[in-house]
Amino acid sequence: MAELKKPVSAELTSEQVKRIREVCQQLGKVKGKVLPILHAVQDICGNWLPLEALQLVAKELEIPYGYLYGVLTFYSMYSVTPRGRYIIRMCESAPCHVNGAENILEALKEELGVEVGGTTSDGLFTLELTACLGTCEVAPAMQINEVVFGNLTGAKVKEILDNYRAGKEVDYRTLARTTIKPLAYPLDQDNMVLFANLDRIDPMSLDDYRAKGGYEGLKKAVTSMSQVDVINEVKTAGVRGRGGAGFPAGLKWSFTQPSPIIPKYIVCNADEGEPGTIKDRYIMEGDPHRVLEGMALAGYAVGASHGYIYVRGEYYLSMLRLQNAIDQAMQNGCLGKNIFGSDFSFTIEVQSGGGAYVCGEETALIESIEGKRGNPRVKPPFPGQVGVWGKPSIVNNVETLSSIPMIISKGGEWYKAKGTEDATGTKIFQVVGHVNQPGVIEADLGMTVRELIDRYGGGIRGGKKFKACQTGGASFGFITEDQLDTPMEYKAMGAIEGALGSGTMLVMDEDTCIVDVVKCILYFFQHESCGFCLPCRRGTRILYDLICKIADGRGEEADLDKMIKVAQVMADSANCALAMSPIFFIKTTIERYRDDYLAHLNGTCPLCKK
């Protein structure tokens, strides 16, 4: 959650008042547009939200000022105090942390002459920290307004800031992509499911997408298949949720399709806030129509008429290309009324997040779409029965939905032939941290962790030895050298207390202190807790205090058992998956890297003393 601050007063110009009213009139007619309105008003007012602007918005939308303040203070991207022309967000996630983010932060503070939260005297720069930018393949990274700069060094930081001081501002709309190309393809690109079009089409061109068979799956479905036919094809394919939970997509859809309640909604979860997870951005930036087609197919299958793409607020280029794709699809009959001459109609809108990791949880995301604080709902009922605006809603990840067009056009058996019996199809894998070639690939499920690290990640950088890998994302367990030959599929990874998760692998070399990494991850979880339920609100704080005590050499061995017990209580009693996650990495690191903890308890950690 964002820090609570008293809004600063500032007189608005007549032009600002006019523009704010226009934004409210334009967007306020659509339910749940509180976050987009706040983003727009913040831009109008110069990167912050003065008291007078908030009061005007509350009046125009006819909502209580206290409600509006409560919403905006939940999200980290809004500010009620003045900020500079350029907002520098320095990433402090684990992938950036293990790659020297603290040194880059010190270089930034020295170059700018301000501390975190401060603005330079010339009003140009404000320095902030962010939990994750979703650009872990170029860690350590920072974002200046809409543009990401990665693989930072002290010298590179100075060069970038000097360019901005000289007026050499980068326009994100001109960029080919936010970061780098995918790694070398292990699959023939013509046989890919997700990356088949990357760098082979213009992502701003509907014609290019159609020339590669785009929207043929949707056309086939709405003209020659029933809703149940589509669901059965997805069931045959065996595709499971790619956001981390791994729930079978076809089964999820089958729960909602029979419901007579209308309208129904499709929600594409593009929040991608899990540190280390960078896959969905590649699809949205490089092949946005594939996401839309997948959503429309899901809509047809369950009888939905409208979709939301909830995109994390830092993904500016993704939102630009998705909106362009929506506009093109609407103009050419691929979305809208009577798609391809059928009785099926479907529309999509992009919703920007405001900076809250917990909104990756499906019900918190729904709350945010509705213009509320992103507190997860108590389940049941599940979104499939009671979702957006209280109506049946399907929530799927970008990667999951983007798999559907080829499943329908080529058949579920074609998709099922890829991967393994336990985990069918292909997956976007991400390898980050201490490897020579951080990045993403699409490969058949079942590849071993070792192959991902050594063949595609280029091995451990600097010729150093492997020490640990956190599997699946920041929420999951650490594995050791002798577990690297495990195939990346659901059962096999679960058997070693790892996880397939989102498909990301954070690799750490022999110079890494595991206690230091766990401290970083626990800071992330206590910072990102929404505070809704007591086990998470207090538990994450207790765990962070304990790891700080241990890291500082003030702890005792009993604290290790206490951490496991607290984390287990959280997992057993909390409302959502955020608080259910720490048990995995706490338990596996204490059991498998106990020497690192004991070294800190004795005040003799050689790695931290370096």
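Here is what the cut-offs are and how they apply
Residues numbered from 1 in each chain as written. Predicted model: local features only at pLDDT ≥ 70, side-chain atom pairs only at ≥ 80, totals over all residues. Heavy atoms only, no water. Pairing = 2+ DSSP bridges. Helix = DSSP H or I, 4+ residues; strand = E, 2+ residues; numbered from the N terminus. Core = buried A, V, L, I, M, F, W, Y, C linked by side-chain atoms within 4.5 Å. Buried < 20%, exposed > 50% of the residue type's maximum accessible area, 1.4 Å probe, protein only. Contact = heavy atoms within 4.5 Å. Phe/Tyr/Trp six-rings, centres within 6.5 Å; stacked < 30°, edge-to-face > 60°. Axes fitted to C-alpha atoms, helices over the stretch in contact; angles between N-to-C directions. Left-handed = near helix turned anticlockwise from the far one by under 90°. Nonpolar A, V, L, I, M, F, W, Y, C, P; charged D, E, K, R; others polar. Polar contact = N/O pair within 3.5 Å; in protein donor to acceptor, adjacent residues only side chain to side chain. Arc of directions from axis to C-beta. Salt bridge = Lys/Arg side-chain N within 4 Å of Asp/Glu carboxyl O. Patch = residues over 30% accessible without salt bridge, like charges linked within 9 Å, V, L, I, M, F, W, Y side chains within 5 Å. Areas by Shrake-Rupley, 256 points an atom, 1.4 Å probe, with all protein chains shown as cover.

Let's talk about the sheet that holds strand β9 (residues 426-433)
Turning to step 1, where the next piece is worked out: Taking strand neighbours across the sheet as the criterion, the five strands line up as β10-β9-β13-β11-β12 in an open arrangement whose pairing is mixed. Because the sheet does not close on itself, it has two edges, and the strands there are β10 (439-444) and β12 (478-479).
Turning to step 2, where the next piece is worked out: Sheet analysis places strand β11 (residues 466-471) next to strand β13 (residues 504-509), joined by five bridges and oriented antiparallel. Each residue of the ladder has a partner; that of C469, found in β13, is V507.

Things to note about the nonpolar core
Turning to step 1, where the next piece is worked out: One finds I20, W253 and F346 to be the most contacted residues of the largest nonpolar core, which totals 153 residues.
Turning to step 2, where the next piece is worked out: Once residues lying within four places of it in the same chain are set aside, the contact partners of W253 are V230, I231, V234, A298, A301, V302, I394, N396, L401 and I404.

A look at the packing of aromatic side chains
Turning to step 1, where the next piece is worked out: A complete count under the given rule lists 19 aromatic pairs for this structure.
Turning to step 2, where the next piece is worked out: When the ring of Y65 is compared with that of Y69, the centres are 6.4 Å apart and the planes differ by 25°; the resulting orientation is stacked. In this pair, Y65 and Y69 both sit in helix α4 (residues 65-72), four residues apart, roughly one turn of the helix.
Turning to step 3, where the next piece is worked out: Aromatic pair F74 and Y75: ring centres 5.0 Å apart, planes at 70°, arrangement edge-to-face.

Considerations on the packing of helix α1 (residues 14-27) against helix α3 (residues 51-61)
When two helices pack together, their arrangement is given by the angle between the helix axes and the distance between those axes.
Turning to step 1, where the next piece is worked out: In contact at an axis separation of 10 Å, α1 and α3 are set at 35° when each is read in the N-to-C sense. As α1 runs across α3, the sense of the crossing is right-handed. Contacts from V17, I20, R21, C24 and Q25 of α1 reach α3 at A53, L56, V57, E60 and L61.
Turning to step 2, where the next piece is worked out: Of the residues contributing to the contact of α1 with α3, the split by class is seven nonpolar, one polar and two charged.

Remarks on helix α16 (residues 398-410)
Turning to step 1, where the next piece is worked out: Where burial is concerned, most of α16 is hidden: eleven out of the 13 residues are buried.
Turning to step 2, where the next piece is worked out: Burial in α16 covers these residues: V398, E399, T400, L401, S402, S403, I404, P405, M406, I407 and I408.
Turning to step 3, where the next piece is worked out: At the N-terminal end of α16, a side-chain oxygen is found 2.8 Å from the backbone nitrogen of E399, two or three residues along, and the residue is N397.
Turning to step 4, where the next piece is worked out: Directly beyond the C-terminal end of α16, a positive phi value near 105° is found at G411.

Here's the deal with helix α10 (residues 227-237)
Turning to step 1, where the next piece is worked out: Along α10, the positions that sit buried rather than exposed are V230, I231, V234 and A237. Projection of α10 onto a plane perpendicular to its axis shows the buried side chains occupying an angular sector of 120°, all on one side.
Turning to step 2, where the next piece is worked out: Next to the buried residues of α10 lie α9 (216-224), α11 (249-256), α13 (288-302), α16 and α17 (412-416).
Turning to step 3, where the next piece is worked out: Looking one or two residues beyond α10, the residue adopting positive phi is G238, at roughly 75°.

With respect to the pattern of salt bridges
Turning to step 1, where the next piece is worked out: This structure, assessed with the given rule, holds 37 salt bridges.
Turning to step 2, where the next piece is worked out: The closest approach of N and O atoms between E60 and R21, which form a salt bridge, is 3.4 Å. On the criterion of sequence distance, the pair formed by E60 in helix α3 and R21 in helix α1 is long-range, its members being 39 residues apart.
Turning to step 3, where the next piece is worked out: One salt bridge connects R592 with E497, and the closest N-O pair in it is separated by 3.6 Å. Here E497 lies in the loop between α19 (490-495) and β13 and R592 lies in helix α24 (residues 582-592), a separation of 95 residues in the sequence.
Turning to step 4, where the next piece is worked out: The exposure class of R592 is partly exposed, given its relative accessible area of 23%.
Turning to step 5, where the next piece is worked out: In this structure, a network of salt bridges that share partners links the residues E111, K158, D162 and R165.

Some words on unusual backbone geometry
Trans peptide bonds make up the majority, and among non-glycine residues the majority have a negative phi.
Turning to step 1, where the next piece is worked out: The omega torsion across A139 and P140 is 0°, close enough to zero to call that bond cis.
Turning to step 2, where the next piece is worked out: The residue P140 is located in the loop between β2 (125-130) and β3 (142-144) in this model.
Turning to step 3, where the next piece is worked out: In this structure, the amide linkage connecting P380 to the following residue, P381, adopts the cis form with an omega of 5°.
Turning to step 4, where the next piece is worked out: Along the polypeptide, P381 turns up in the loop between α15 (362-369) and β8 (393-397).
Turning to step 5, where the next piece is worked out: Of note, E62 is a non-glycine position whose phi angle comes to about 60°, a positive value.
Turning to step 6, where the next piece is worked out: Here E62 is to be found in the loop between α3 and α4.
Turning to step 7, where the next piece is worked out: When its relative accessible area of 72% is taken as the criterion, E62 is described as exposed.

Description of a nonpolar patch on the surface
Turning to step 1, where the next piece is worked out: Together, F247, L251 and F255 make up a nonpolar patch on the protein surface, roughly 270 Å² of accessible area in all.
Turning to step 2, where the next piece is worked out: Assignment of secondary structure puts F247 in the loop between α10 and α11.
Turning to step 3, where the next piece is worked out: Residue F247 is classed as partly exposed on the basis of its relative accessible area, which comes to 38%.

Thoughts on the sheet that holds β8
Pairing between the strands of a sheet is mediated by backbone hydrogen bonds and can be parallel or antiparallel.
Turning to step 1, where the next piece is worked out: In spatial order, the strands read β7-β6-β5-β8; together these four strands make up an open sheet with parallel pairing. Pairing within the sheet leaves two strands with one partner each, and these edge strands are β7 (347-352) and β8. For this sheet, the mean inter-axis angle between neighbouring strands, taken without regard to orientation, is 20°.
Turning to step 2, where the next piece is worked out: Two strands pair when backbone bridges link them, and strand β5 (residues 265-270) and β8 are joined in this way by five bridges, in the parallel orientation. Residue N269 lies in a different strand from β8, and its bridge partner there is N397.
Turning to step 3, where the next piece is worked out: The sheet contacts of α13 involve β5, β6 (306-311), β7 and β8, and relative to β5 the element is tilted by about 145°.

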